[in-house]
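The lines below spell out each chain.
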Amino acid sequence: MAKMADGTPLLSASTLRTLADKLYEKRKNAAREVEAVIRGLVAQQDHQRISSLLHLLVHDFALSPQSNHRKGGLIGLAAATMGLGSDAAQHLEKIIPPVLNSFTDQDIRVRYYACEALYNIAKATRGDLVFFFNDIFDALCKLSADSEPSVQQAAHLLDHIVKDIVAQSDQFSIEEFIPLLRERMNVLNPFVRQFLVGWITVLDRETEIDMLGFLPDFLDGLFNMLSDSSHEIRQQADSALEEFLREIKDAPSVDYGKMAEILVQRAAAPDEFTRLTSFSWLNEFVKLSGEQLVPYYADILGALLPAISDNEERIRVVAKETNEELRSVKAEPAEGFDIGAVLVIARRELGSDWEATRLEALRWIALLLERHRTEVLSFLDDIFPALLSSLADTSDEVVCLVLEVQACIAGDAQHFHRLMVFLVHKFKIEQTLLEKRGTLALRRLCTLLDAERVYRELATIFEGEADLEFATIMVQALNLILLTAPELAEMRSLLKLSLLNPAGGDLFVSLSSSWCHSSIATVSLCLLAQAYQHASAVIQALGESDINVNLLVQVDKLVRLLETPTFAYLRLQLLEPGRYPSLLKTLYGLLMLLPQQSAAFKMLRTRLKTVPSQTFMHMQSSLASSQFPGLSAIRRSASAGGFSQRLSHIPSIQTSSTSEDSDRISDSTNGPLGINFAAQLKQFEYMQHQHHLYQSQNNPPRRTLTPPPAQNGHHPSNISDDMTDSMRRTRADSQVRMPQRTSWRS
């Protein structure tokens with residue numbers, strides 16, 4: 001029997017025995033005796049014996065290895081607390097820890113009685129219990145996940161009274177509690193989560209407790225609960241978040257920055273409801289925060305751009321609305337707006353699988369160019385490669401917007417030249433890009449940046465291009481666009497006046513230097529400029545080695561283009577063959593290049609047959625005696641007198657010595673307006689010579705395309721009527737291996 005130092009027993013032997021009885025009622029009766037003894041000691045102010053009795057209840061009972069003793073100790077401690085009355089506060093440090101320790105006891109009934117004991121202790125001490133709140137909260141948090149329903153029910157009752165006590169106490173410290181709450185918010189157990197949300201809700205209702213100020217500490221945990229498998233928990237978490245958002249709208253001051261970081265992370269969650277709630281919050285934050293969120297705009301944009309293409313329509317709607325709100329804010333670098341970070345995000349999203357996201361990324365680049373041009377251009381090396389790569393996008397809308405952004409960058413001369421160099425380099429290293437998007441890109445840039453300016457710059461670049469095969473391909477592409485694109489109608493009109501207008505003549509000279517890479521492109525340019533005598537001279541300058549499949553394909557295209565509205569003026573000029581003899585000579589030169597069985601030959605011959613029958617004495621002899629050195633092989637393969645026979649249908653047209661010849665160019669060095677056509681021809685011949693050298697160095701010898709001898713007056717040809725099919729079949733033979741090139745930057 002436990003005694004005091006003087007030998008006086010603290011409790012009678014029967015009380016001690018009954019306190020450890022297996023029956024609850026007997027333990028309860030013993031507890032009443034404990035309470036009575038304690039009351040007597042309190043009345044006597046015998047604190048020493050009170051401490052001794054509490055020590056007995058803790059060490060001999062509550063911490064005993066025997067479960068019935070532990071049960072008796074718990075009920076005895078609760079009874080002692082009730083007996084202490086107002087003096088209980090000074091002894092709670094001895095009473096509370098062993099009770100909380102019993103919350104983890106292996107015996108279910110011990111855990112249950114521990115809840116019952118603490119409930120009674122709480123009733124007796126009320127506000128004094130708050131000083132042990134964190135320990136009690138932690139124990140309750142663990143107990144809420146107990147597998148035994150009776151223990152959970154007891155814990156639930158205890159939780160209620162603790163909440164009431166905290167709500168009525170002015171001693172509760174939210175600052176000390178928040179770290180514990182933040183730590184527990186990561187628990188996944190549904191019962192614990194329900195317990196935590198319940199406490200957050202209760203504390204938030206108390207006006208004296210500023211839970212909103214500590215929201216960033218547990219906001220991520222609440223969002224994490226939105227994806228819980230339990231509908232009830234999701235609903236509770238959502239309700240709590242809605243209430244906090246309502247408070248944020250009414251609060252005069254809120255730390256938006258820390259919460260924005262959490263929302264951005266949660267916006268990438270796999271759960272749709274979590275993402276939707278995150279973007280709803282971000283939407284409100286952008287509207288409410290003013291300048292506070294400016295430093296976080298790049299992170300927010302990084303979450304918004306992918307969400308614009310989200311599978312969930314509601315998320316797409318909110319993301320687009322938030323994005324528009326963000327675009328409407330005119331943030332400045334001085335406010336913390338990180339232009340470089342936003343450009344990094346936009347550049348990253350240019351590679352998105354979703355068209356809507358790529359488009360919005362481009363719109364952000366365009367917006368930044370409009371508002372902060374100087375700063376954006378300082379990052380040009382970082383964004384330009386991505387913009388050029390986007391030219392290969394499968395979406396026409398994306399490509400057009402890319403070109404608009406590029407045109408905006410090229411607003412000044414320095415960046416205009418840089419854009420053209422970038423573009424040419426991209427076309428050079430990605431032939432598929434040139435094939436798929438080259439025409440669209442060039443036409444769009446002509447619209448956005450002025451066609452003449454674009455063509456002059458490209459002509460300068462290709463004039464010095466070392467890769468002659470690539471230069472030829474590009475010139476042919478540019479020439480086709482020049483002859484067909486509606487965007488270049490004004491430029492074509494200017495070129496038609498090359499022999500009359502100084503501006504037109506200057507443009508002709510600017511283009512002709514690079515057009516020399518392609519003989520038929522040069523002829524096309526001359527026909528457009530009505531420089532017919534020079535066109536005829538170019539054809540005559542062709543050598544035997546120039547007559548290959550590639551050239552015939554280009555002639556085929558030109559013949560077909562002659563039937564388009566672009567060359568309507570030329571066809572009308574055929575009504576006056578005496579006035580335009582070099583035009584007729586040029587067209588017959590083209591006819592002589594084509595195989596007789598080709599569709600283009602038949603088309604051009606049919607057109608020439610429509611030339612009106614007039615008498616001009618010198619036309620036939622003039623044309624028949626003209627020399628086309630490059631056609632020697634064709635003439636040898638034709639039947640006797642074949643060349644003159646092909647021209648036999650041309651009527652004789654009489655010309656007077658005073659008749660006007662609009663295309664006549666004197667034998668002097670300079671033509672009209674000072675265009676030096678003799679020098680132009682020499683430049684063409686020089687460029688063709690360079691091409692011959694290039695091909696000889698990079699191509700193995702190939703079989704010539706000279707037709708076989710004539711048989712029975714017929715001229716068989718190896719070229720199909722369909723020149724396009726012929727081009728496809730022979731493209732492999734006509735390709736040359738590109739030499740190792742230096743960097744485009746050099």
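The name recorded for the chain in an unreviewed UniProt entry is Vacuolar protein 14 C-terminal Fig4-binding domain-containing protein, from Physcomitrium patens. UniProt annotates the chain under Subcellular location (unreviewed entry) with the comment "Endomembrane system". Annotation of the chain in UniProt includes, under Sequence similarities (unreviewed entry), the sentence "Belongs to the VAC14 family."

### Comments concerning the packing of aromatic side chains
Across all of its chains, the model carries 22 aromatic pairs by this definition. Ring plane angle 85 degrees and centroid distance 4.8 Å describe the contact between Phe137 and Phe177, whose orientation is recorded as edge-to-face. Of this pair, Phe137 sits in helix 7 (residues 133–143) while Phe177 sits in helix 9 (residues 174–184), placing them 40 residues apart in sequence. The same class applies to Phe137 as to Phe177, namely buried. A centroid spacing of 6.0 Å and a plane angle of 55 degrees characterise the contact between Phe508 and Phe677, whose relative ring orientation is tilted. Separated by 169 residues along the polypeptide, Phe508 in helix 27 (residues 502–515) and Phe677 in helix 37 (residues 677–698) bring together distant segments of the chain. The residues Phe508 and Phe677 share a single accessibility class, namely buried. Clustering of aromatic rings is evident, with ring pairs tying together Phe133, Phe137, Phe172, Phe177, Phe195 and Trp199.

### Re unusual backbone geometry
Of note in the backbone geometry, Arg126 takes a positive phi value of approximately 50 degrees without being a glycine. Tracing the sequence through the fold places Arg126 in the loop between helix 6 (108–125) and helix 7. Classification of Arg126 by relative accessible area gives partly exposed; the value is 32%. Non-glycine residue Gln530 carries a positive phi angle of around 65 degrees. Residue position: Gln530 is located in the loop between helix 28 (519–529) and helix 29 (532–540). In this structure Gln530 comes out as buried when scored by relative accessible area, which is 19%.

What counts and what doesn't
Residues numbered from 1 in each chain as written. Predicted model: local features only at pLDDT ≥ 70, side-chain atom pairs only at ≥ 80, totals over all residues. Heavy atoms only, no water. UniProt positions renumbered as here; feature names shortened; annotations may be inferred. Phe/Tyr/Trp six-rings, centres within 6.5 Å; stacked < 30°, edge-to-face > 60°. Helix = DSSP H or I, 4+ residues; strand = E, 2+ residues; numbered from the N terminus. Buried < 20%, exposed > 50% of the residue type's maximum accessible area, 1.4 Å probe, protein only.

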